[in-house]
Amino acid sequence: MQMSGPGCLFKVFTLIGIALLLGAGAALYSTVQFLDSAATAQGEVVELEAHRDSDGTTYFPQVVFRSLDGQSHRFTSSSGANPPSYHTGEQVEVLYRPENPGKARINGFFSLWGASLILAIMGLCFSAIGLGRTLYTLIKKRRQAWLKASGQPVEATITSVERAAFSYNDVQPFVISAQWQDPASKQVFVFQSEYIWFDPLEYLDRDSVTVRIAPGNPRQYWMDISFLPELAN
């Protein structure tokens, strides 16, 4: 059986990206719902709560405000920064739900939309990597299918079997290299196989391999390694 390659990793990237985008949408919806029923009040930053981790220190403002019923409330903003975005004693506008004043937010862009923005950016990055790889794979397969059907077959001399320059799950795939000289231009072209996730040396019972090239452009090619039995299974 051929071992699953890095394509699985890119599928995971796509799924993570979709999950993050769904989270961004949920956070956006939650904020919109919050704003629809929120009351406003004047608050004051009374303390900067420091959270320390391996990346440094992040400061989250603690705010005191009075709700419409005259009750005093204190909350810590879910949005922090370094350097601090607010200073002690600063007056800020507070948004809160009258039925639950403890769940209040500072009326600022990042306090309201920061979670949605971060999740959306991360989701787009992961999705772009995963979907970009998927699109590349689809285009590559279509080109290979065209070359299999319409490419000009040439016999290239096998020159080496080497490990690729990367590894996946601590396994380095193999690559068969072969070369062919264009009888018209006398130019030598070097071809490489797709990644092979087992050692193909014991199956190499030939000195040459068929390569199908695009007419007039040998740099577009597909190497036929279907003679390898493990690929056929």
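Placed above this text is the structure.
Keep in mind that what you see is a predicted model, and the values were worked out from it rather than measured. (Residues numbered from 1 in each chain as written. Predicted model: local features only at pLDDT ≥ 70, side-chain atom pairs only at ≥ 80, totals over all residues. Heavy atoms only, no water.)

Caption draft 1: Geometry of the overall build of the protein chain. Looking only at helices and strands, the protein chain has 3 helices and 10 strands in total. For the protein chain, whose C-alpha radius of gyration is 30 Å, the value lies well above the compact-globule estimate of 17 Å for 233 residues. Within the protein chain, buried positions represent 32% of all 233 residues. Long-range contacts, defined here as pairs at least 24 residues apart, represent 58% of the contacts in the protein chain between residues at least 6 apart. In the structure as shown, the protein chain presents an accessible area of about 14200 Å², 54% of it carried by carbon and sulfur atoms. Within the protein chain, the 21 negative side-chain charges are centred at a point lying 7 Å from the centre of the 18 positive side-chain charges. (Helix = DSSP H or I, 4+ residues; strand = E, 2+ residues; numbered from the N terminus. Rg over C-alpha atoms; globule rule 2.2 N^0.38 Å. Buried < 20%, exposed > 50% of the residue type's maximum accessible area, 1.4 Å probe, protein only. Contact = heavy atoms within 4.5 Å. Areas by Shrake-Rupley, 256 points an atom, 1.4 Å probe, with all protein chains shown as cover. Lys, Arg positive; Asp, Glu negative; His and termini not counted. Charge placed at Lys NZ, Arg CZ, Asp CG, Glu CD.)

Caption draft 2: How the structure looks around the environment of Ala120. Residue placement: Ala120 occurs in helix H2 (residues 109-150). Expressed as a C-alpha distance, the spacing of Ala120 and Gly23, which sit 97 residues apart in the sequence, is 8.0 Å.

Caption draft 3: Quick look at unusual backbone geometry. Backbone torsion omega between Asn82 and Pro83 reads 5 degrees, so that peptide bond is classified as cis. With a phi close to 65 degrees, Lys186 is a non-glycine residue in the positive phi region. Assignment of secondary structure puts Lys186 in the loop between strand E7 (174-181) and strand E8 (188-192).

Caption draft 4: The packing of aromatic side chains, seen in detail. The full count for this structure, using the stated rule, is 10 aromatic pairs. Look at Phe166 and Tyr195: their rings are 4.9 Å apart centre to centre, the planes differ by 70 degrees, and that puts the pair in the edge-to-face class. Residue Phe166 is found in the loop between strand E6 (152-163) and E7, and its partner Tyr195 is found in the loop between E8 and strand E9 (208-214); the two are separated by 29 residues along the sequence. You can call Tyr195 partly exposed: its relative accessible area is 40%. Through a chain of ring-to-ring contacts, the aromatic side chains of Trp180, Phe189, Phe191 and Tyr221 assemble into a single cluster. Here the guanidinium or amino end of Arg206 rests over the ring plane of Phe227, the centre of that ring lying 4.1 Å away. (Phe/Tyr/Trp six-rings, centres within 6.5 Å; stacked < 30°, edge-to-face > 60°. Lys NZ or Arg CZ within 6 Å of the ring centre and 35° of its normal.)

Caption draft 5: Spotlight on the pairing of strand E10 (residues 217-223). As paired strands, E9 and E10 are joined by 4 bridges and run antiparallel to one another. Paired with Arg212 across the strands is Trp222, a residue of E10. In sequence, E9 turns back onto E10 through a hairpin of 2 residues, with Gly216 there showing a positive phi of about 85 degrees. (Pairing = 2+ DSSP bridges.)

Caption draft 6: Just the side chain of Thr14, in detail. Assignment of secondary structure puts Thr14 in helix H1 (residues 7-37). Non-local contacts of Thr14, meaning those with residues more than four positions away in its chain, are made with Phe126, Ser127, Gly130, Leu131 and Thr134.

Caption draft 7: Expanded view of a nonpolar patch on the surface. Together, Phe109, Phe110, Leu117, Ile118, Ile121 and Met122 line one region of the surface with nonpolar side chains, adding up to about 550 Å² of accessible area. Topologically, Phe109 is positioned in helix H2. Classification of Phe109 by relative accessible area gives exposed; the value is 56%. (Patch = residues over 30% accessible without salt bridge, like charges linked within 9 Å, V, L, I, M, F, W, Y side chains within 5 Å. Salt bridge = Lys/Arg side-chain N within 4 Å of Asp/Glu carboxyl O.)

Caption draft 8: Fine view of the pattern of salt bridges. Overall, the coordinates contain 2 salt bridges when judged by the stated rule. Across the pair Arg74 and Glu47 runs a salt bridge, and its minimum N-O distance is 2.9 Å. Within this pair, whereas Arg74 is found in strand E3 (residues 72-76), its partner Glu47 is found in strand E1 (residues 39-53), the two being separated by 27 residues in sequence. Classification of Glu47 by relative accessible area gives partly exposed; the value is 35%. With its nearest N and O atoms 3.1 Å apart, the salt bridge here joins Asp205 to Arg206. The class of Arg206 is partly exposed, set by a relative accessible area of 38%.

Caption draft 9: Structural detail: the sheet that holds strand E5 (residues 100-106). On the basis of which strands lie adjacent, the open sheet formed by 5 strands has the order E3-E2-E1-E4-E5 and antiparallel pairing. Single-partner strands in this sheet number two, and they are E3 and E5. For this sheet the average axis-to-axis angle between neighbouring strands, irrespective of direction, equals 40 degrees. (Axes fitted to C-alpha atoms, helices over the stretch in contact; angles between N-to-C directions.)

Caption draft 10: Region of the structure containing the sheet that holds E6. Ordered in space as E8-E7-E6-E9-E10, the 5 strands form an open sheet in which the pairing is antiparallel. A single partner strand is all that each edge strand has here, and the edge strands are E8 and E10. Neighbour-to-neighbour, the strand axes of the sheet open up by a mean angle of 45 degrees, direction not taken into account. Two elements, E6 and E9, share 6 bridges in a ladder whose sense is antiparallel. Paired with Ala156 across the strands is Val209, a residue of E9. Lying over the sheet, H2 contacts E6, E9 and E10, oriented at roughly 95 degrees with respect to E10.

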